[in-house]
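Residue-level structural notes
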Amino acid sequence: MRTPAPRRSRVTAVLTVLTLVALGTLTGCAGEPTGGDDGTPRLRIGYQRFGGLSLVKARGAAPDAEWSLFESGPALTEALKAGSIDIGQTGEAPPIFAAAGRIPFQIIGTSEPIPQGEAVLVKEDSGLRTFADLKGRTVALNKGSNVHWLLVRLLEAHNLTLQDINVKYLKPAEARPAFDNGQVDAWVIWDPYFALAERPGVRILADATGLASNREYVLAHPDALTNKSPQIETFLHTYRTVTDWGIANPTERTAVLAPELKIPEDTTSRALARSARALAPVTPAVGDELQAIADGFATLELIPGPVDIRARIDARFTEVFR
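A brief look at the structure comes next. (Residues numbered from 1 in each chain as written. Predicted model: local features only at pLDDT ≥ 70, side-chain atom pairs only at ≥ 80, totals over all residues. Heavy atoms only, no water.)

Notes on the packing of aromatic side chains
This model, assessed by the stated rule, comprises seven aromatic pairs. With 5.5 Å between their ring centres and 90 degrees between their planes, Y47 and W67 make a pair best called edge-to-face. In this pair, Y47 sits in strand β1 (residues 44–48) while W67 sits in strand β2 (residues 66–70), placing the two residues 20 residues apart along the sequence. Per residue, the accessibility class of Y47 equals that of W67, and both read buried. Judged by centre distance (5.4 Å) and plane angle (75 degrees), the rings of W149 and F297 are edge-to-face. One end of the pair, W149, is in helix α5 (residues 146–157); the other, F297, is in helix α12 (residues 284–299), and 148 residues separate them in sequence. Note on accessibility: W149 and F297 belong to one class, buried. Through pairs of rings, three or more aromatic residues link up here, namely Y47, W67, F235 and Y239. R274 extends its terminal NZ or CZ atom over the ring of F194, reaching a point 3.7 Å from the ring centre. (Phe/Tyr/Trp six-rings, centres within 6.5 Å; stacked < 30°, edge-to-face > 60°. Helix = DSSP H or I, 4+ residues; strand = E, 2+ residues; numbered from the N terminus. Buried < 20%, exposed > 50% of the residue type's maximum accessible area, 1.4 Å probe, protein only. Lys NZ or Arg CZ within 6 Å of the ring centre and 35° of its normal.)

Regarding the packing of α5 against α12
Pairs of packed helices are described in terms of their axes, by the angle between the two and the distance that separates them. At a minimum axis separation of 11 Å, α5 and α12 run at an interaxial angle of 70 degrees. Considered as vectors, α5 and α12 are oriented roughly perpendicular to each other. The residues of α12 that touch α5, namely those facing H148, W149 and V152, are A292, I293, G296 and F297. Residues belonging to the contact of α5 with α12 are distributed by class as follows: five nonpolar, two polar and no charged. (Axes fitted to C-alpha atoms, helices over the stretch in contact; angles between N-to-C directions. Parallel < 35°, antiparallel > 145°, perpendicular 65-115°, else oblique. Contact = heavy atoms within 4.5 Å. Nonpolar A, V, L, I, M, F, W, Y, C, P; charged D, E, K, R; others polar.)

None of the figures reported here should be taken as evidence of function without further support.
Listed below in structure tokens is the structure:
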């Protein structure tokens, strides 16, 4: 039987590899041509490890696409701003921050809610038993990511404010060692980093159940919607088919995705069991949900001012997601 120390080192090393690969692959697959065999420009797709698009890439289901890897949603929306990708996938908060930054995009698809896919982690021996116990403590998270909204909702639920805690904005590659070394008291994080951090001595203080939907969102650059709409629609059909296949075949999905994620199959399986959900169309109700998040961030002055995120909803591909 392996001792706890080597297991911790192995998991930490795996996370380091995961984040370093993510950080080092922000500009697409090196050496790929920019057009298909018929001269048609490739559809440029931004994805994050473990998000629904990862399975499409891992299965090779969209061979004519050009893929770019990002560590987080905010990094992906910056690529939309630069015009270096056509479509991409993020959590629920990055579109709000991107809209506040006047980044051009429309929201063309979403997923069913995934509240168990993000959580607040603490050390078992910390004495912290409820979120309210974090008053006066240091909490790490990635600014502008899906977990940012979870933090806001947890504070509201426990009659706390941002001034009651010390927020430390760290990317996953920075937050994990800070959490392991006791430099922060809690880490608000999403899968698969969440699953990688689960080990003896770490406990889940709270997840997003009843507080935040934590949906995935598919964003598209307006120019791509104008110039590549047929390609986008074809790809979205593929995305839907592959996602449905994965949900119906969880064991095979894990076997395909674990090598892409570069994490063990048991970790991949655990994360997928709570975080892989069916795709869904963007509806007025989804727009209202996002608008509530935008209004909440504006009220707390986490973004410069009010954002009309409903105006970013584009339902032209609704039939693909039904």
